[in-house]
Amino acid sequence: MVKEPLGGPRVAERLQVLVIDDDATDRMAIRRHLLSAALNSDVHEADTGAAGIALLRERRFDCVFVDYRLPDMEGTSLLQVFYDIANDQMPAPFVMLTGQGGEEVMAEALRWGAHDYIVKDHITGPSVLIALSKAREIFDLKRARHSAEDKLRQAQKMDAVGQLTSGIAHDFNNLLTVILGNTRMMRRRLAEIPPAQGMAIAPKVDAVESAAQRGADLVRHLMVFSRQQELKSATVDIGAALAHTVTLLERTLGKGINLVLTAEQGMRPVHVDATLLENAVINVSVNARDAMPQGGTLTISARPVVFNDISHVLISIADTGTGMPEHVRERIFEPFFTTKPAGEGTGLGLAMVYGFIRQTGGHIEVDSEAGRGTTFRIYLPQAREPLTNKEVNHAT
Ligand SMILES: Nc1ncnc2c1ncn2[C@@H]1O[C@H](COP(=O)(O)OP(=O)(O)O)[C@@H](O)[C@H]1O
Ligand SMILES: [Mg+2]
C-alpha cells in the first residue's frame, strides 16, 4: 500500500540491509561491496542466528543475507522461524550464503523461502549487487501476487456470505410478513371486543408486533447487503445531497467532533438512491464518531475522478480516530462483524453500505492503520449529462 506520508514527500530512504553470518570476513566483504557501490544503505550485522532473529523482530529490512551454516542454527531454520513470526506474510527479501558446490543446499534454501543465493567463495561486488536486486525483485513480485490472491479470496468470501444472507433474508422476510399480517388482524379483532376482555391479550400482541418489526428491520438491512433491496434511484446532485446529510450529522455527532465538508461545485450528477446514499454516509460517519471518543475531525469531501476509465464522483470520509489493525480492516464489510460491545454494534452498518454501493455500480475502499485514522472512499459512476443541461436534453 503506497501512502503519502503526512508531512509531505519522504526523503529518499536508506536501504536497510542485514547480514547474519558468524564469519566476520564475509560480513565485511558484503558491507564493503555495498558501500563501494555507493548504495545509499545502512548495513546491520549479526553473528548468530539468535542475534539475527532479534534484529528481524525489531525492524523491517530491505534485504537480508543469511549464512547457511550459523553457529546456533541452520540458515533454513532461521527462515522458518522468521516466516512463523511474520505470520506467513513475506517479511523481507532473503539471500542465502551457501558453501561451494552445495546445489542441494541452494535448492533447499529457495524451497524454504530464500529469494536468491550467493556461493560464499564468490562474494564479489557484482554478485552481491545482483543477488540484492534479484532478491528484492522476486520478493516484490511474490508480494504483489499474494495481495492479488488475498483480494480475490476476500471477494469470493463476500460473495458467498452475500448468497447465504440473501437466501436467509428472503425466507425470513416471508415469515415476518405472515407474523405481522396476523398481528394486524389480531389488533383489528381486539378493537371489536370490549376493552376489558382484550386487556390480557393486547400487550402480548404489542410485544409480538414490535419484535417482528425489529426482525423486519434487520432483514431489510440484510437485503440491502445482499443487494435485493429495490433501489429508488434518481438523478442526484452529490454536493447538495452531502450538504443536507451534514446538517443531520451535526446533530448526531455531538460537540467533540469538528465536521468539515468540501464538495466541488458543478459536478455532474449521479444516478443513485438518495435515501440509501444518505444512510451510507451517516453509517460511515457514525462509525468515525465511535472511533474518536476523545473528539477529532471528520472530513467529508466530494470531487470528480476517473476510476477504471469511467467518470466517477469520489466521496471520501476521513476521520482522525483510532484506525484499524489489518485483521479488523479485512472484515469490516462482513455482516455481523463488529468490535463493539454487545448491544452497541450490530455489525450491519458497513455491510449495508457495501451492498448498496455495489448495487449502484460503485466501489468502496478503506485506508486505515491502527493509530492513524481511517478514510473511506466511495466511487459512484457519474451520469452522462451534466446537471445544468438536463432541460436542454429533455427539450430535444
Ligand atoms: N472509522 C472507523 N474507525 C475505526 N474502526 C472502524 C471505523 N469504521 C468501522 N470500523 C470497524 O468496523 C466495524 C464494523 O462496522 P459496522 O459494520 O458499521 O458495524 P458496527 O458499527 O455495528 O460495529 C466496527 O465495529 C469497527 O471495528
Ligand atoms: Mg456502524
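Residues numbered from 1 in each chain as written. Chains lettered and ligands numbered in written order. Predicted model: local features only at pLDDT ≥ 70, side-chain atom pairs only at ≥ 80, totals over all residues. Heavy atoms only, no water.

**Looking at helix α7 (residues 202-225)**
Phase 1: Across its 24 residues, α7 extends 35 Å between first and last C-alpha, which sits within 8% of the 34 Å expected from 1.5 Å per residue.
Phase 2: Of the positions making up α7, those classed as buried are Val205, Glu209, Ala212, Gly215, Ala216, Val219, Leu222, Met223, Val224 and Phe225.
Phase 3: Where the residues of α7 are buried, they touch α5 (125-192) and α11 (349-359).
Phase 4: One or two residues past the end of α7 sits Arg227, with phi positive at roughly 60°. (Helix = DSSP H or I, 4+ residues; strand = E, 2+ residues; numbered from the N terminus. Expected span 1.5 Å × (residues − 1). Buried < 20%, exposed > 50% of the residue type's maximum accessible area, 1.4 Å probe, protein only. Contact = heavy atoms within 4.5 Å.)

**What to know about the sheet that holds strand β4 (residues 94-98)**
Phase 1: Read across the sheet, five strands follow the order β2-β1-β3-β4-β5 without closing on themselves; strand pairing throughout is parallel. Two strands in the sheet have a free side with no partner beyond their single neighbour: β2 (41-46) and β5 (116-119). Ignoring which end each strand starts from, the neighbouring axes of this sheet average 20° apart.
Phase 2: Docked against the sheet, helix α1 (residues 24-36) engages β1 (15-20), β2, β3 (63-67) and β4, running at close to 175° with respect to β2. (Pairing = 2+ DSSP bridges. Axes fitted to C-alpha atoms, helices over the stretch in contact; angles between N-to-C directions.)

**Let's talk about the environment of Pro126**
Phase 1: Residue placement: Pro126 occurs in helix α5.
Phase 2: Once the C-alpha coordinates of Pro126 and Leu34 are considered, the two residues, 92 residues apart in sequence, prove to be 9.8 Å apart.

**Describing the pattern of salt bridges**
Phase 1: In total, this model carries 23 salt bridges according to the counting rule given.
Phase 2: The partner of Asp62 in a salt bridge is Arg60, with the nearest N and O atoms 3.1 Å apart.
Phase 3: Judged by its relative accessible area of 11%, Asp62 falls in the buried class.
Phase 4: The partner of Asp140 in a salt bridge is Arg143, with the nearest N and O atoms 3.4 Å apart. Remark: Arg143 and Asp140 occur in helix α5; sequence separation between them is three residues, near one turn of the helix.
Phase 5: With a relative accessible area of 44%, Arg143 lands in the partly exposed category.
Phase 6: Through salt bridges with shared partners, a single ionic network connects Asp21, Asp26, Asp67 and Lys120. (Salt bridge = Lys/Arg side-chain N within 4 Å of Asp/Glu carboxyl O.)

**Quick notes on the packing of α1 against α5**
Phase 1: Two elements in contact, α1 and α5, have axes separated by 9 Å at closest approach and are oriented at 80°. With respect to their mutual orientation, α1 and α5 come out roughly perpendicular. Packed against α1, whose contacting residues are Ile30, His33 and Leu34, the element α5 presents Gly125, Val128, Leu129 and Leu132 at the interface.
Phase 2: Of the residues in the contact of α1 with α5, the class split is five nonpolar, two polar and no charged. (Parallel < 35°, antiparallel > 145°, perpendicular 65-115°, else oblique. Nonpolar A, V, L, I, M, F, W, Y, C, P; charged D, E, K, R; others polar.)

**Some words on the sheet that holds strand β12 (residues 374-381)**
Phase 1: In space, the five strands of this open sheet follow the order β7-β9-β10-β12-β11, with mixed pairing throughout. Among the strands making up the open sheet, the edge pair consists of β7 (257-263) and β11 (363-368). Taking the axes of each pair of neighbouring strands and ignoring which way they run, one obtains an average angle of 15° across the sheet.
Phase 2: For β11 and β12, the ladder comprises six bridges, and the chain directions are antiparallel. The residue of β12 that forms the bridge with Ser368 is Thr374.

**Remarks on a negative patch on the surface**
Phase 1: Together, Asp22, Asp23, Asp47 and Asp72 give the surface a local cluster of negative charge.
Phase 2: You can see Asp22 is positioned in the loop between β1 and α1. (Patch = residues over 30% accessible without salt bridge, like charges linked within 9 Å, V, L, I, M, F, W, Y side chains within 5 Å. Areas by Shrake-Rupley, 256 points an atom, 1.4 Å probe, with all protein chains shown as cover. Lys, Arg positive; Asp, Glu negative; His and termini not counted. Charge placed at Lys NZ, Arg CZ, Asp CG, Glu CD.)

**So, the domain arrangement of the protein**
Phase 1: What the domain assignment lists for the protein is domain 1 (15-123), domain 2 (153-225) and domain 3 (233-390).
Phase 2: Measuring from the centre of the C-alpha atoms in domain 1 to the corresponding centre in domain 2 gives 62 Å. (Domains from an automatic or database assignment.)

**What to know about helix α4 (residues 103-111)**
Because the α-helix completes a turn every 3.6 residues, residues three or four places apart line up on one side.
Phase 1: Considered for burial, the residues of α4 that qualify are Val105, Met106 and Ala109. Within α4, the buried residues cover an arc of 100° as seen down the axis, which keeps them to one side. Opposite its buried face, α4 presents the exposed residues Glu103, Glu104 and Arg111, each directed more than 90 degrees away.
Phase 2: Along its buried surface, α4 packs onto α3 (75-85), β4 and β5.
Phase 3: Once α4 ends, the next one or two residues include Gly113, with phi positive near 105°. (Arc of directions from axis to C-beta.)

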